[in-house]
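Letter by letter, the chains look like this.
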Amino acid sequence: MRKIVKYIVLFLAVTAILSSCEKNDPILFKQGDAFVAFPESSGSVNERQTFADKSKGIDTINILVMVTSLESTPVTVNFDFDTVGIPQDQVALEGVAFKLLNEQKVLSFPNGWGYDTIKIATIDDEVFTGNRMVKIVLGSNSAGYKNAVESVYTLTILDEEHPLNVVLGTYQVTGTDAWGGAVNRTIKTEAVEGNLEQVKFKLVDAIGYSACPDMYVYVDVDKENKTFYIKAGQEFASFNACDGPNYGPSKTSGFVGPAGDPQIQDGEYIKATFDDNGTIHMEDFFGVQITSGSNQGLWFTIWSNDIVWTKQ
């Protein structure tokens, strides 16, 4: 009997091992899966770049396109520009807002796989017209490979002649929170379409929690007095689409600096100042507070008034 049990256990063990091996076999790329794609679906470039000596000039961007294949037969890929679905006042036209630096709208992959580059230079119109967009669409290719999901790239040309340009861009935000912990966040301030006196930044960048879809904190900017005003009481819906938990609805709030008391009421403003280099110094405490549910009254974050935004 013991011998029979022994063989049964051995049989089950071997079966389990073989079964496990089959489940963990690597998924092999097949030539029939060859494809063409952009590694990213969107990007941006400034209308003008600032050089080390503070002078301005046109900016350029190199946009990668990749061919994934096992074969070494040379491949060419066609592409073109498209503006379908872009509002008319936001369209970037070739020859007006940008120019193509490639000799033609054909990319070459002599090894049959790898990367090639679409090279674009901006055209500076010296007038603030707002950001402009254009789509770059992958077309046919000489090998007949399929285009992957990322076959359209949306390029945004950022009009850096915006009157609030001094406070637009990517910032490293550092200092301490109300509990003495370190704050170190990367925040990008963006222009608000149709409003030349406001900027915005993503809620998720401020609080460090996933928030889907993107929700923004809006800031009123007094350029003459170099002051940021973040209105308390800006409301945000519950968010749980990204990482599971439902964090509950929330709002912007804060406390009057430097003492951190009293709390700033809805409709009033959390203040900060900025200099000619765009460096922002918080004067009040800024935070985001949950407004209902089981976590009502708790805070995602509270920044102390020692927070400094340094433009990158």
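Nothing here was measured: the structure is a model prediction, and the numbers come from that model.

1. Some remarks on the sheet that holds strand E11 (residues 146-147)
Where strands meet in a sheet, backbone hydrogen bonds hold them as pairs that are either parallel or antiparallel.
Then comes step 1: Reading across the sheet, the five strands line up as E7-E9-E5-E1-E11 and stay open at both edges, with mixed pairing between neighbours. Looking at which strands have only one partner, the edges of the open sheet turn out to be strand E7 (98-100) and E11.
Then comes step 2: Note: strand E5 (residues 60-68) against strand E9 (residues 114-122), eight bridges, orientation antiparallel. Looking across to E9, one finds that Met66 is bridged to Tyr115.

2. Some words on the pattern of salt bridges
Then comes step 1: By the definition in use, this model includes five salt bridges.
Then comes step 2: One salt bridge connects Glu94 with Lys105, and the closest N-O pair in it is separated by 3.2 Å. Of this pair, Glu94 sits in the loop between strand E6 (75-82) and E7 while Lys105 sits in the loop between E7 and strand E8 (106-109); the two residues are 11 residues apart in sequence, bridging distant segments of the chain.
Then comes step 3: Of the residues examined, Lys105 reaches a relative accessible area of 27% and is grouped as partly exposed.
Then comes step 4: One salt bridge in this structure joins Lys251 and Asp266, with 3.1 Å as the shortest N-O distance. On the criterion of sequence distance, the pair formed by Lys251 in strand E19 (residues 250-255) and Asp266 in the loop between strand E20 (263-264) and strand E21 (269-274) is long-range, its members being 15 residues apart.
Then comes step 5: Salt bridges here are not isolated pairs; linked through shared partners, they connect Asp80, Glu94 and Lys105.

3. Section: the environment of Ile86
Then comes step 1: Structurally, Ile86 can be placed in the loop between E6 and E7.
Then comes step 2: Take Ile86: its relative accessible area is 11%, and that puts it in the buried class.
Then comes step 3: Here Ile86 is in contact with Val91, Met133, Val134 and Lys135, once residues within four sequence places are set aside.

Calculation criteria
- Residues numbered from 1 in each chain as written.
- Predicted model: local features only at pLDDT ≥ 70, side-chain atom pairs only at ≥ 80, totals over all residues.
- Heavy atoms only, no water.
- Pairing = 2+ DSSP bridges.
- Helix = DSSP H or I, 4+ residues; strand = E, 2+ residues; numbered from the N terminus.
- Salt bridge = Lys/Arg side-chain N within 4 Å of Asp/Glu carboxyl O.
- Buried < 20%, exposed > 50% of the residue type's maximum accessible area, 1.4 Å probe, protein only.
- Contact = heavy atoms within 4.5 Å.

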